[in-house]
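The primary structure of each chain is shown beneath.
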Amino acid sequence: MKKILDKLSKIPNDKLLHFFWGSVLSFVFILALGIKGTILTFVIAIAKEFYDWYSKKGTPELADFIATIIPAIMFIIINQI
C-alpha cells in the first residue's frame, strides 16, 4: 500500500487539477446530455490546451489533455458495464 501511495504522491498538482475539473465537467455534461456529454468534455479539454498555446499564458501539454479526459473515458466504460 505504501508503494501505491508513494507513486500517487508524485503526480503533479497540475495533472490532479485537470483530472478534478475533467471529472466535474464530465459528470455535469453526462448528467445533462447523456453519453454525448463526453464529447463536450473532449472539446473543452482541447480548447483549454489551444488557449494555453495561443495566449502564451500556460504550457500546452498532451498530458494535461489526457488527465482532463480520463474521467470522461471512465464514465463511458462504467456506462457500458
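Residues numbered from 1 in each chain as written. Predicted model: local features only at pLDDT ≥ 70, side-chain atom pairs only at ≥ 80, totals over all residues. Heavy atoms only, no water.

Draft legend 1. Inspection of unusual backbone geometry at higher detail. For K56, which is not glycine, the phi dihedral falls at a positive 65 degrees. Within the secondary structure, K56 is located in the loop between α3 (37–55) and α4 (62–80). (Helix = DSSP H or I, 4+ residues; strand = E, 2+ residues; numbered from the N terminus.)

Draft legend 2. Structural detail: helix α2 (residues 13–33). Taking 1.5 Å per residue as the helical rise, α2 with its 21 residues ought to reach 30 Å, and the 29 Å between its terminal C-alpha atoms agrees with that figure. Along α2, the residues classified as buried are K15, H18, G22, S26 and F29. Across the axial projection of α2, the buried residues extend over an arc of 80 degrees, all falling on one side. Exposed side chains of α2 directed beyond 90 degrees from the buried face belong to N13, L31 and A32. Looking at the buried residues of α2, the elements they touch are α3 and α4. Phi turns positive, to about 75 degrees, at G34, one or two residues after α2. (Expected span 1.5 Å × (residues − 1). Buried < 20%, exposed > 50% of the residue type's maximum accessible area, 1.4 Å probe, protein only. Arc of directions from axis to C-beta. Contact = heavy atoms within 4.5 Å.)

Draft legend 3. Region of the structure containing the packing of aromatic side chains. Applying the stated rule across the entire model yields five aromatic pairs. An angle of 40 degrees between the planes, with centres 5.9 Å apart, marks the rings of F50 and W53 as tilted. Here F50 pairs with W53, and both are found in helix α3, just three residues apart, close to one helical turn. The exposure class assigned to F50 is partly exposed, which follows from its relative accessible area of 40%. Ring centres of F50 and Y54 lie 6.2 Å apart, and the angle between their planes is 20 degrees; on these two criteria the pair is classed as stacked. Of this pair, F50 and Y54 both sit in helix α3, four residues apart, which is roughly one turn of that helix. Residue classification places Y54 among the exposed residues on the basis of a relative accessible area of 60%. Cluster of aromatic residues (ring-pair linked, three or more members): F50, W53 and Y54. (Phe/Tyr/Trp six-rings, centres within 6.5 Å; stacked < 30°, edge-to-face > 60°.)

Bear in mind that shape data such as this cannot, by itself, settle questions of function.
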